[in-house]
Amino acid sequence: MDQINNIQVVPCTSSNHLKPFRVHYSQNGTKKSWDFMRTHESVSILIFNTTSHCFVLVKQFRPAVYVCEWEKSKPKQAEEEKKKEGEEVAPEEQTEKQPAEEAEGEGQGTGAETRETGSAPDLPPASAGVTYELCAGPVDKPDLPLEEVARQGVLQECGYDVPVAKLRKITSYRSGVGVTGAKQTLFYAEVSEENHVGVAVAEGEAELREGEVVKVPLHEAMTFAYDESIPKTMAVIFSFVWFHNNMSPKYKISTNV
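Overview of the structure. Within any chain, residue numbers begin from 1 and follow the written order of that chain's sequence. In keeping with the model being predicted, local features are shown solely for residues with a pLDDT of at least 70 and side-chain atom pairs are shown and tallied solely at 80 or more, while totals for entire chains, interfaces and linings include all residues. Side-chain numbers come from the whole structure's heavy atoms, not from hydrogens or water.

### What about the packing of aromatic side chains?
Just so we agree on the cut-off: The rule is short: rings of Phe, Tyr and Trp, with Trp giving its six-membered ring, pair when the centres are within 6.5 Å, and they are stacked under 30 degrees, edge-to-face over 60, tilted in between. We count a charge as sitting over a ring when the NZ of a lysine or the CZ of an arginine lies within 6 Å of the ring centre and within 35 degrees of the ring normal.
In this structure the tally under the stated criterion is 11 aromatic pairs. An aromatic cluster of at least three residues, connected via ring pairs, comprises F48, F55, Y132, Y188, F224, F240, W242 and F243. One residue, K232, lies across the ring of F224, its end atom 5.6 Å from the ring centre.

Written out as structure tokens, the structure reads:
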């Protein structure tokens, strides 16, 4: 697993992917406003390998998830540090040394404060920001049909060359309705080892994407979907349930929990 360090959370003044807006409107005579981000629409693909009877997912590090976990751990870290400092100095020692320390450090912070300010906070492991997701990609080329965007995404992220004709549209929906409201279209693709040609570098990209391809056996899919200890997107859960309801009888393998 990668090591994460040198984290800096700074204001985003410009971005090629997100644009902030504020909309003002009236609802039932009441004036309201809402802040949101405009971003690209996207496609996601549920990939089922008919050779190994496994779903093909992508596991990758997501900075937004990591920072959320990092900030959530800060109060706990501060409490543990405070408790540790209290254990290092006995109450009677504090009373005896206090006058001298106050005289020496008048107008300055204490040694404990200096250490706390100058030291980096303990960071959670990189795994705290890793999520399991469907193969997906942004619709950033308006001249391409969604099926072609999905086909390229499967090739570039997972290494399977799937003809457009074999992509089946499941449905489309809105994701992040409170923040972006972007539309995502979900496809289903069946692949085999014969389709595997290796992950390709997309045009304009200098190197391979950082996601790791993982496989979830069909008979473990529903357990995987509802296991809250495994961080995953809603699209994974929904698509596994869709497959259970629509496709599993074809393979005569139980996907029950």
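### With respect to the pairing of strand β4 (residues 54-61)
Selection rule: Throughout this description, buried means an accessible area under 20% of the type-specific maximum (1.4 Å probe, protein chains only), exposed means over 50%, and partly exposed covers the range between. Each helix is a run of H or I in the DSSP string that is no shorter than four residues. Each strand is a run of E no shorter than two, and both are numbered from the N terminus. Here a strand pair is declared whenever DSSP counts at least two bridges between the two strands.
Burial analysis of β4 places 7 of its 8 residues in the buried class, which makes it a mostly covered element. Relative to β4, strand β3 (residues 42-49) is paired through 3 bridges, and the arrangement is antiparallel. Looking across to β4, one finds that N49 is bridged to C54. Hairpin geometry of β3 and β4 is characterised by an intervening segment of 4 residues between the two adjacent antiparallel strands and by a positive phi of about 55° at H53. Two strands pair when backbone bridges link them, and β4 and strand β9 (residues 212-217) are joined in this way by 6 bridges, in the antiparallel orientation. Of the residues in β9, the one forming a bridge with F55 is V216.

### Quick notes on the pairing of strand β2 (residues 30-38)
Here 9 bridges tie strand β1 (residues 19-27) to β2, and the two strands are oriented antiparallel to one another. Note that in β2 the partner of Q27 across the bridge is T30. Between β1 and the antiparallel strand that follows it, β2, lie 2 residues; N28 among them carries a positive phi value of about 55°.

### Concerning a nonpolar patch on the surface
Applicable threshold: Only residues whose relative accessible area exceeds 30% and that form no salt bridge enter a patch; like-charged residues are grouped when within 9 Å of one another, and nonpolar side chains (Val, Leu, Ile, Met, Phe, Trp, Tyr) when within 5 Å. Where accessible areas are quoted, they stem from the Shrake-Rupley method and a 1.4 Å probe; at the residue level, only the protein chains shown are allowed to cover. Basic side-chain nitrogens of Lys or Arg form a salt bridge, by our definition, when they fall within 4 Å of a carboxyl oxygen of Asp or Glu.
A cluster of nonpolar residues, V23, Y25 and W34, forms a patch on the protein surface that exposes about 280 Å² of accessible area. Position of W34 relative to the elements: it lies in strand β2.

### Thoughts on the side chain of Q184
Convention followed: Two N or O atoms form a polar contact when they lie within 3.5 Å of each other; inside protein one atom must be a possible hydrogen donor and the other a possible acceptor, and for residues adjacent in sequence the pair counts only when both atoms belong to side chains.
You can see Q184 is positioned in strand β8 (residues 182-191). Assessed through its relative accessible area of 13%, Q184 is described here as buried. Polar contacts involving the side chain of Q184 include one to the side chain of S42, which spans 2.9 Å. At 2.6 Å, the side chain of Q184 forms a polar contact with the side chain of Y173.

### A few points about the pattern of salt bridges
In this structure the tally under the stated criterion is 7 salt bridges. When the shortest N-O distance is used, the salt bridge between E69 and K72 registers 3.3 Å. Remark: K72 and E69 occur in helix α1 (residues 63-88); sequence separation between them is 3 residues, near one turn of the helix. A salt bridge links R151 to D161, with the shortest nitrogen-to-oxygen separation between them at 3.4 Å. With a gap of 10 residues between them, R151 in helix α4 (residues 146-158) and D161 in the loop between α4 and β7 (167-175) connect regions that are remote in the sequence. What makes D161 partly exposed here is its relative accessible area of 36%. The network of salt bridges with common partners includes E148, R151 and D161.

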